[in-house]
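Here are the chains, one letter per residue:
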Amino acid sequence: MSRLILKAAAYAAHQHRDQRRKDAEASPYINHPLTVANILSEAGVENPIVLAAAILHDTIEDTTTTADDLRRLFGEEVAGIVLEVTDDKSLPKARRKVLQIEHAPHLSEGAALVKFADKIANLTDILEAPPAWPAERKAAYFAWAASVVDFLPVQPLALRARFDALVARASVPTAASSATGPRPNSSVCPSNFGYPESGVGSAPGPS
Ligand code: ZN
């Protein structure tokens, strides 16, 4: 059902047409939802409902799109997944971030996959097309993203490995070591998926 996916891409491109990402180049916003869907596809996700929802995942939160629009155009299942990953923007940002952690274990499989790939896309952007954030803010974002992802009810190996690789990359060049380059033997264990030392509650403290 590639028709559903292409329809989602065309619709999301239209709805996000005036928006930019927060990276240094202010990339077109649509790059982000397409990347999220592509991350899922590369991880072996083939369900067109999930892939279409990935492409549409920010439309309710960030555009004029309503849940009824998505139901009418893409059906109940796609709309339901998008609603599950949509923050309530009437709440303060800090509260929304806590709620993402609290809601993570209760997401449906489709919504959990979209959430997982969304965090991978965002961490990749922070590493490769960094916004003008101080190092502490980036570190705090990584720690928060790990908290959300760790609580997701599905942990596909391909997504988990990709996420952990990003966290490992981010943790190698610290402020102290960046002048001398990455250490040859980082203490980050690639098979350590549980974050016993860097998970919930141990985010880098505010400076
Ligand atoms: Zn997103």
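Residues numbered from 1 in each chain as written. Predicted model: local features only at pLDDT ≥ 70, side-chain atom pairs only at ≥ 80, totals over all residues.

**Digging into the packing of helix α2 (residues 31-42) against helix α8 (residues 109-128)**
Two numbers describe how α2 lies on α8: the axes approach to 9 Å, and their chain directions differ by 115 degrees. When the axes of α2 and α8 are compared, the crossing they make is right-handed. Counting all contacts with α2, which are made through His32, Thr35, Val36, Ile39 and Leu40, the residues of α8 involved are Leu113, Val114, Ala117, Asp118, Ile120 and Ala121. Among the residues forming the contact of α2 with α8, the class breakdown is 8 nonpolar, 2 polar and 1 charged. (Axes fitted to C-alpha atoms, helices over the stretch in contact; angles between N-to-C directions. Helix = DSSP H or I, 4+ residues; strand = E, 2+ residues; numbered from the N terminus. Left-handed = near helix turned anticlockwise from the far one by under 90°. Contact = placed C-beta atoms within 7 Å. Nonpolar A, V, L, I, M, F, W, Y, C, P; charged D, E, K, R; others polar.)

**A word on the confidence of the model for the protein chain**
Mean pLDDT over the protein chain stands at 85; residues scoring 70 or higher make up 82%. Note on residues 174-207: pLDDT is under 50 here. Beyond four places in sequence and across chains, it has 31 contacts. (pLDDT = per-residue confidence, 0-100.)

**Overview of helix α9 (residues 135-150)**
Look at α9: 22 Å from first C-alpha to last across 16 residues, which is about the 22 Å you get at 1.5 Å a residue. Taken residue by residue, α9 has Ala139, Phe142, Ala145, Ala146, Ser147, Val148 and Val149 as its buried positions. The inward-facing, buried residues of α9 contact α7 (93-103), α8 and α10 (157-171). (Expected span 1.5 Å × (residues − 1). Buried ≥ 20, exposed ≤ 12 C-beta atoms within 10 Å, placed from the backbone.)

**Quick notes on the packing of helix α5 (residues 67-74) against helix α6 (residues 76-84)**
At their nearest, the axes of α5 and α6 sit 7 Å apart, and the two run at 150 degrees to each other. The interaxial crossing formed by α5 with α6 has right-handed handedness. Here Ala67, Leu70, Arg71 and Phe74 of α5 lie close against α6, whose contacting residues are Glu76, Val78, Ala79, Val82 and Leu83. Partitioned by chemical class, the residues of the contact of α5 with α6 number 7 nonpolar, no polar and 2 charged.

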